[in-house]
Amino acid sequence: FRSAPPKRKSAAASRRAVSSWQDHLIWLVPVGVLLVFGTACGFGFLDYDDRLHLIDNPLRVKSYFGMLAAAFSGPVAGLYMPVTYAYWGTLWRLTGGSPFAFHAVNLVLHAVNALLVARLLRQWGMDRRASLVGALLFALHPMQVESVAWVSGAKDVLSGFFALGALNLLAPWT
């Protein structure tokens, strides 16, 4: 007796199988960010801008709502960055000024930004592989070290988050 020939997968089923494992490759982006920049979570505050913006910041001693009002009412330390100061003030109050928390949130925001880059590239018509490569280049490029590993670099990570979020929302209409 001869057994029946094995059933072949349809082309659509084969594409679904390939597509399902390719969909999971996007996790290389946050994993790559964690592997490359994760050691920054063990760093402390720097005596440069971190001291000026966080440790010696006069807004820190105000009540939470007083800090928010002051951040949005005018420049602090000669810079008008109300969203960044509100972010730093909120994170300081939530974590008690833990450098680990500031570095970890920078790391998470950078990973989210890289995923937003991948999504934006897909919306602009690039295939999965190209968007993955673009997101990895964005995420792991040496130019990003200062923004991710330095607490005061949060202003860059935050502005990138809002800009990439806006572009992702706008992309379907372009």
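So, here is what we can say about the structure in this document. Counting restarts for each chain, with residues numbered from 1 along the sequence as it is written. Reporting of local features is limited, given that this is a predicted model, to residues whose pLDDT is at least 70; pairs of side-chain atoms are given and counted only at 80 or more, and all residues count toward the totals for whole chains, interfaces and linings. By convention in this description, side-chain values take in all heavy atoms of the structure and omit both hydrogens and water.

1. Some details on the overall build of the protein
Along the backbone of the protein there are nine helices and zero strands. The N-to-C order of helical and strand elements in the protein reads α-α-α-α-α-α-α-α-α. Note on exposure labels: buried denotes an accessible area under 20% of the residue type's maximum, exposed denotes more than 50%, and partly exposed covers the range between, all computed with a 1.4 Å probe on protein chains only. Of all 174 residues assigned to the protein, the portion counted as buried reaches 36%. When checking whether two residues touch, look at their non-hydrogen atoms; a contact exists if any pair is within 4.5 Å. Across the protein, contacts joining residues at least 24 apart in sequence account for 69% of those joining residues at least 6 apart. When the accessible surface of the protein is totalled, it reaches about 10700 Å², and 68% of it is carbon and sulfur. Helix and strand definitions here come from DSSP, where helices need a minimum of 4 consecutive H or I residues and strands a minimum of 2 consecutive E residues; each element is numbered from the N-terminal end. Residue exposure ignores everything except the shown protein chains as possible cover, and the areas themselves are Shrake-Rupley values with a 1.4 Å probe.

2. A short note on the packing of helix 2 (residues 28–37) against helix 6 (residues 99–123)
In this description, a line fitted to the C-alpha atoms serves as the axis of each element, helices being fitted only across the stretch in contact, and the angle between N-to-C directions of two axes falls anywhere from 0 to 180 degrees. Orientation of helix 2 relative to helix 6, taken along the N-to-C sense of each, is 145°, at an axis distance of 9 Å. Both helix 2 and helix 6 take part in a crossing whose hand is right-handed. Every residue of helix 6 that contacts helix 2 at Val 29, Pro 30, Val 33, Leu 34 and Phe 37 is listed here: Leu 107, His 110, Ala 111, Ala 114 and Leu 115. When its residues are assigned to classes, the contact of helix 2 with helix 6 shows nine nonpolar, one polar and no charged. Crossing handedness: left-handed means the near helix sits turned counterclockwise from the far one by under a right angle, and right-handed means the same turn made clockwise. Asp, Glu, Lys and Arg are counted as charged, while Ala, Val, Leu, Ile, Met, Phe, Trp, Tyr, Cys and Pro are counted as nonpolar; the rest, among them Gly, fall into the polar class.

3. Some thoughts on the packing of aromatic side chains
Put simply, two rings from Phe, Tyr or Trp (the six-membered ring, in Trp's case) pair if the centres are within 6.5 Å, and we call them stacked under 30 degrees between planes, edge-to-face over 60, tilted for the rest. Considering all chains together, one arrives at six aromatic pairs under this definition. Among the aromatic residues, those joined into a ring-pair cluster are Phe 45, Trp 92 and Phe 102. The criterion is that NZ of a Lys, or CZ of an Arg, lies within 6 Å of the ring centre and within 35 degrees of the ring normal, and then a charge sits over that ring. Sitting over the ring of Trp 150, Lys 155 keeps its end group 5.3 Å from the ring centre.

4. Here's the deal with helix 9 (residues 154–170)
For helix 9, with 17 residues, the first-to-last C-alpha span of 24 Å sits near the 24 Å given by 1.5 Å per residue. Ala 154, Val 157, Leu 158, Gly 160, Leu 164 and Asn 168 are the residues of helix 9 that are buried. Buried residues in helix 9, looked at end-on, bunch into an arc of 160°, giving them a common side. Packed against the buried residues of helix 9 are helix 5 (82–95), helix 6, helix 7 (128–140) and helix 8 (145–149). How far a helix is expected to stretch is found by multiplying one less than its residue total by 1.5 Å. In this description, the arc belongs to the directions extending from the helix axis to the C-beta atoms.

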